[in-house]
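What follows is each chain in one-letter form.
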Amino acid sequence: MSDETDLLHVDLIVIGGGSGGLAAAFRAAEYGKRVALLEPRELGGTCVNVGCVPKKAMWLAADLRLRIEQGARFGFDLPMDTRVAFDWPSFITDRQRYIHGIHDSYRKRLDRDGIVVLPSRGRLAGRDLVECENGTRLTAPHIVLATGSHPQRPDVPGADLGCVSDDFFSWCEAPARVAIIGGGYIAIELAGVLQALGSQVDVFVREQRLLRQADAELVEQLQDNYDQQGIELVFGYGLAAVHREADGRLQLEAVDGSLRGGYDQVLFATGRRPNSDGIGLDTVGITPDARGNIPVDAWQATPAPGVYAVGDICGCGPALTPVAIAAARRLCDRLFGGKPDAKLDADNVPSVVFSHPPLAMVGMTEAEARAAHGDDVHVYRSNFRPMREALAESPQRSLFKLICVGEDRRVVGLHLLGDAADEILQGFAVALKMGATLDDLHDTVAIHPTSAEEVVLMR
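All right, on to the pairing of strand 16 (residues 259–263) then. With three bridges joining them, strand 15 (residues 250–254) and strand 16 adopt antiparallel strand pairing. Its bridge partner lying in strand 16, E253 is registered against L259. As consecutive antiparallel partners, strand 15 and strand 16 are separated by four residues, and within that stretch G257 has a phi angle of approximately 90°, a positive value.

The subject of this paragraph is the packing of aromatic side chains. Given two aromatic rings, one states the distance between the centres and the angle between the planes to describe the pair. Applying the stated criterion across every chain, the model contains nine aromatic pairs. Between W88 and F168, the aromatic rings sit 6.3 Å apart at their centres with planes inclined by 75°, giving edge-to-face as the arrangement. Linking W88 in helix 4 (residues 88–112) with F168 in helix 5 (residues 165–168), this pair joins segments that are 80 residues apart in sequence. Here W88 and F168 have matching classes, each one buried. Members of the aromatic cluster, connected to one another through ring pairs, are F86, W88, F91, F168, F169 and W171. Positioned over the ring face of F26 is R109, at 3.9 Å from the centre of the ring.

Here helix 7 (residues 216–228) spans 19 Å end to end across 13 residues, near enough to the 18 Å set by a 1.5 Å rise per residue. Within helix 7, the full set of buried residues consists of L218, V219, Q221, L222, Q223, N225 and Y226. Where helix 7 begins, the side chain of D215 points an oxygen toward the backbone nitrogen of E217, at a separation of 3.1 Å. In the segment just after helix 7, G230 is the residue with positive phi, at about 95°.

By the definition in use, this model includes zero disulfides. There is no disulfide at C132, and the cysteine sulfur nearest it, in C332, is 19 Å away. C132 gets classed as buried once you look at its relative accessible area, which sits at 9%. No disulfide involves C163; its sulfur sits 12 Å from that of C172, the nearest cysteine.

As a further point, take the pairing of strand 12 (residues 200–204). Most of strand 12 sits out of view: four of its five residues are buried. The β-α-β motif built from strand 12, the intervening helix 7 and the parallel element strand 13 (residues 232–234) has right-handed crossover chirality.

With respect to topology, five strands assemble into an open sheet ordered 20-21-24-23-22, the strand pairing being antiparallel. In the strand order of this sheet, the two ends are held by strand 20 (351–353) and strand 22 (377–384), each with one partner. Mean inter-strand twist for the sheet, computed between neighbouring axes without regard to direction, equals 15°. Here strand 20 pairs with strand 21 (residues 359–363) via three bridges, running antiparallel. Looking across to strand 21, one finds that V353 is bridged to L359. Lying on the sheet, helix 6 (residues 185–196) is in contact with strand 20 and strand 21; it crosses strand 20 at an angle near 45°. The strands touched by helix 11 (residues 421–433) are strand 20, strand 21, strand 23 (398–405) and strand 24 (410–417); relative to strand 24, the strand with the most contacts, the crossing angle is about 175°.

About the thresholds
Residues numbered from 1 in each chain as written. Predicted model: local features only at pLDDT ≥ 70, side-chain atom pairs only at ≥ 80, totals over all residues. Heavy atoms only, no water. Pairing = 2+ DSSP bridges. Helix = DSSP H or I, 4+ residues; strand = E, 2+ residues; numbered from the N terminus. Phe/Tyr/Trp six-rings, centres within 6.5 Å; stacked < 30°, edge-to-face > 60°. Buried < 20%, exposed > 50% of the residue type's maximum accessible area, 1.4 Å probe, protein only. Lys NZ or Arg CZ within 6 Å of the ring centre and 35° of its normal. Expected span 1.5 Å × (residues − 1). Polar contact = N/O pair within 3.5 Å; in protein donor to acceptor, adjacent residues only side chain to side chain. Disulfide = S-S within 2.5 Å. Right-handed = clockwise from strand over helix to strand, strands pointing away. Axes fitted to C-alpha atoms, helices over the stretch in contact; angles between N-to-C directions. Contact = heavy atoms within 4.5 Å.

Structural data, given as C-alpha cells:
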C-alpha cells in the first residue's frame, strides 16, 4: 500500500467528465481551487457524444428535409412529390467534426484552468480517497460523483438483437423499417428524425399515450401530427420477445402472442439506469436505491461526509443536462464561493421534446394544477396552423396552452407544441419563474406575425 506521500492532494475530485462533472470542475477552478477530473472516455458525457448535441444535429437535418419538401408549395422548382436525397454519412462527418470541436474547447479550458485530467475510471476507496484504474490514488475533502447513466434494454428474450439510443448515433443510413419500443422523450425524438430522413417508423408504447409527463391535450395533438406524418403509434403494447426472421429482419412478439415483423432495426427507448455500479459506494457507506440512484439531499450531499452527487446518477430533479450543470455550479458556489444558501432550484424547469414540431413545457400541466388548486384553475388555448404550414397546405397544427391559478391568474404552466417552441419558451419560462400573471402577458405587445404572439393573446 502506498503511503501518504504518494497521494495526489487536491481540493476537489470529480468522478465523471460529463456536463455535471465538467461544470463542477470549472466552477471550483474559478474559485482558485485545485481540481482533479477523472474521465476514461470522451469529455462531455452522454449529452455531447450520444445525446443532446448529436440528437439536435440529426433533428436539424430532419427538419430541413421537411422544409425542403415543402418548397414546391412555395413556388420553388421542385416536383410536388419530391423526396430529397440525404447523404447520411457525409452529414455524420460534419456532425462529428462539430463534436470534436466541443472536445477541443473543453481540453483547452481544462488546461487553462489548471485542472488535472486523468483518463481513467475512478472509484471511492474510503473517506476522502479515490483510486484510479492504474493505481493512482487521490485525496480531497470534497468528492463529486457525476458518472451519468446508460440506456437500458428490456428484460425479454432477443433483446440483444435490438439497439439502444447510443447505437443510433453510429448508424450510417436510415433503415427502411424501424420499430421503436417506448413512449418517452427519446422514442418520440428519434421516431420523428427517422421518419423525416426516410424510414418507415412504428412506435410501440406500453401506456395508452405518449409522454406521460407532458400535458395530455398537447400530447393528443402531437399524436395526431405524427399520424399525419405516417408514423404508426401502437398503444397498450407489451413486448414479450424479439426474433430474427429467416431473411435476417426482426420480428416483435407481443405478450398476447401477436407478431409484427419485417423490421430492419428495433430500437429500445425504455429508460436509463444510473452508472452507480463499481464506483466504491460501499467503501463510504452509500447504498443506492433499487434503480441505482444515489441518495442525496437538497444540497447534493450523499450520506457520506464530503461526497456529493449531481446529474443522472442521483435522480435529483429532471434528468436534463442543464439541471446537472445548475446543481454542480450551485454546489461549488456553496462549497468554495462563500454562498451557504446556494442549491439547485428544481421547480419550474423548462424542457423540450424535439419532436416534429417540438413540444416545450414549463410548470404544471392542467391535471397537476387541478390536483393542487381544484376549481381555481383557468386554462387558455390557441390551436392554429402556423403560416408556413398553412401556405404549404399542410395539416400539421400547433397547440399553445396556458395554465393560470387564483384571482390574479398567475401563470403556473405554459405548454407549446409547434414550430420554434423550443426557442420561444426560454423567455416565457423566466416570466413564469418571476410570477407573471395573465394581465402581464396581455400588457405585452405582440410581435406579429409570429407563433410566439399567441402566448400573449390567449383569452
